[in-house]
Amino acid sequence: MAKPSKQSKRTIYFLATILTQVAILVIAYWAGREYRDVDQPLLINAFMIGVVAQLVDGALGMAYGATAATLLLSTGVPPVIATASIHIAEIFTTAASGLSHWHKGNINKKLFMSLLIPGTLGGIAGVLLAVNIDSAVLKPWMAAYLLLIGLYIIYKAFRIVRLKRAVRGKGIIPLALTGGFLDAVGGGGWGPVVTTTLLGSGHEPKTTIGSVNAAEFFITVVTGFSFALFLGLAQWEIPAGLIVGGVLTAPIAVHITSRLPTKTLMIFVGILISALSAMTIYKVVI
C-alpha cells in the first residue's frame, strides 16, 4: 500500500489530536453534568489500569484488552461492564495505533478487508452473548479464557508458532470471526488470537500487524457502541479512566518499553495475566 503524502500525514495527525482532545472534554463535561457524585477511587483505579494496559500494548503491540480485562476482573468489576468499558476505551487507543501504521504504510488493503467484515460480525455476536449472560456465570469462563491467553503469551515468548499451512484467503474469515467474538466476550484477545496466528503461518510481520490493528479500530467502534447501546454508560468512571490513562500514556509508552527486552516483557505480562485470572477463578469456585 502506497504511503500517504506528507501533507496528508500532517492533516491526519492534526485531526486525530483534535478529535481525541474534544472527545475527552465532551466525556468530562457530560459526566460532570449527569453525575454529580463521582466514584473517585473507581476512576483512579481505572486510570491506573489504562496506563498499565497501554504500556503493555506499546511494548508488545497487543494484549491491551487482555491486560485491562484481567486487572478489572481482579478488582471486582462485573465481566460485562469490564469488557464494555474496554471496548469503548479502545475506540481511542486503536485509532492512534491504526493511524500510526497507516502513516508508516504498514497496511495491506486486501488483508485489512478480509479481516474487517467477519471480525465485526464476530464482535457483534460476542456483544449479544455477553449482555445476555448473568455475570456470575460469565466471570469464571472469562477468567479461564484470559488464563489461557496469559499462558499462550508465555509460550510465544519462548518459541515462534509455525503452522503447517498458511492462513490465507477463505481461512482468514473464520479466524477473524473467532477473534472478534472472543475479544468481545472476553474483553481482549483480538491481537493474541489473530495477529499471532497470521504471523505464525508466515505472513509478513509489519503489514500483518498494521492491517490487524487498523481493522481492530473499526471493529472496536462497532462493538463499543453496541455495548453502550445495550448497557448505557453504567459505571462511566471505568471507560473514562481507561481512556484518559491510555491516551496520556500512549506517546511515552513506546519510549519507555523499547528499553526493555521483549521476551522478558512477554513472560512478565503472561505471568501477570495468568496469575490474576487464576486468583479470580479460585475466588469464584471457593
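Higher on the page you've got the structure.
Residues numbered from 1 in each chain as written. Predicted model: local features only at pLDDT ≥ 70, side-chain atom pairs only at ≥ 80, totals over all residues. Heavy atoms only, no water.

Undergrad: Quick one: what's the story with the overall build of the protein, residue by residue and with numbers?
TA: Helix and strand counts for the protein come out as eleven helices and zero strands. In sequence order, the secondary structure elements of the protein are arranged as α-α-α-α-α-α-α-α-α-α-α. The buried share of the protein, taken over its 286 residues, is 47%. Expressed as a percentage of contacts within the protein between residues at least 6 apart in sequence, the contacts between residues at least 24 apart total 86%. Carbon and sulfur atoms make up 69% of the accessible area of the protein, which totals about 14200 Å². (Helix = DSSP H or I, 4+ residues; strand = E, 2+ residues; numbered from the N terminus. Buried < 20%, exposed > 50% of the residue type's maximum accessible area, 1.4 Å probe, protein only. Contact = heavy atoms within 4.5 Å. Areas by Shrake-Rupley, 256 points an atom, 1.4 Å probe, with all protein chains shown as cover.)

Undergrad: Summarise the packing of helix H5 (residues 109-130) against helix H7 (residues 172-186); cite the residues concerned and give the values.
TA: Put simply, H5 and H7 touch, their axes get as near as 6 Å, and they point 40° apart. When the axis of H5 is compared with that of H7, the two are oblique. For the pair H5 and H7, the crossing hand works out as right-handed. Contacts from Leu111, Ser114, Leu115, Pro118, Gly119, Leu121, Gly122, Gly123, Ala125, Gly126, Val127 and Leu129 of H5 reach H7 at Ile172, Ile173, Ala176, Leu177, Gly180, Phe181, Ala184 and Val185. Taken together, the residues of the contact of H5 with H7 break down into 14 nonpolar, six polar and no charged. (Axes fitted to C-alpha atoms, helices over the stretch in contact; angles between N-to-C directions. Parallel < 35°, antiparallel > 145°, perpendicular 65-115°, else oblique. Left-handed = near helix turned anticlockwise from the far one by under 90°. Nonpolar A, V, L, I, M, F, W, Y, C, P; charged D, E, K, R; others polar.)

Undergrad: Could you give an account of the side chain of Thr280, with specific residues and numbers?
TA: Structurally, the position occupied by Thr280 is in helix H11 (residues 262-285). Beyond its immediate sequence surroundings of up to four residues, Thr280 is in contact with Leu73, Ser74, Lys139 and Ala143.

Undergrad: Account for the packing of aromatic side chains, naming residues and giving values.
TA: According to the stated counting rule, one finds three aromatic pairs in the structure shown. Plain terms: the ring middles of Phe112 and Phe218 are 5.8 Å apart, the flat faces sit at 70° to each other, and that makes the pair edge-to-face. Residue Phe112 is located in helix H5, and its partner Phe218 is located in helix H9 (residues 205-231); the two are separated by 106 residues in the primary sequence. Accessibility expressed as a relative area gives 13% for Phe112, which makes it buried. Their ring planes at 70° and their centres at 5.0 Å tell us that Phe217 and Phe218 sit as a pair that is edge-to-face. Of the residues examined, Phe217 reaches a relative accessible area of 23% and is grouped as partly exposed. Of the residues examined, Phe218 reaches a relative accessible area of 42% and is grouped as partly exposed. Taken together, Phe112, Phe217 and Phe218 form an aromatic cluster joined through their ring pairs. (Phe/Tyr/Trp six-rings, centres within 6.5 Å; stacked < 30°, edge-to-face > 60°.)

Undergrad: Got a sec to walk through the packing of helix H3 (residues 64-74) against helix H6 (residues 135-158)? Specific residues and values, please.
TA: Orientation of H3 relative to H6, taken along the N-to-C sense of each, is 135°, at an axis distance of 10 Å. In terms of orientation, H3 lies oblique with respect to H6. Our pair here, H3 against H6, has a crossing hand that is left-handed. Each of Ala66, Ala69, Thr70 and Leu73 in H3 lies in contact with H6, whose residues at this interface are Lys139, Met142, Ala143, Leu146 and Ile149. Tallied by class, residues from the contact of H3 with H6 come to seven nonpolar, one polar and one charged.

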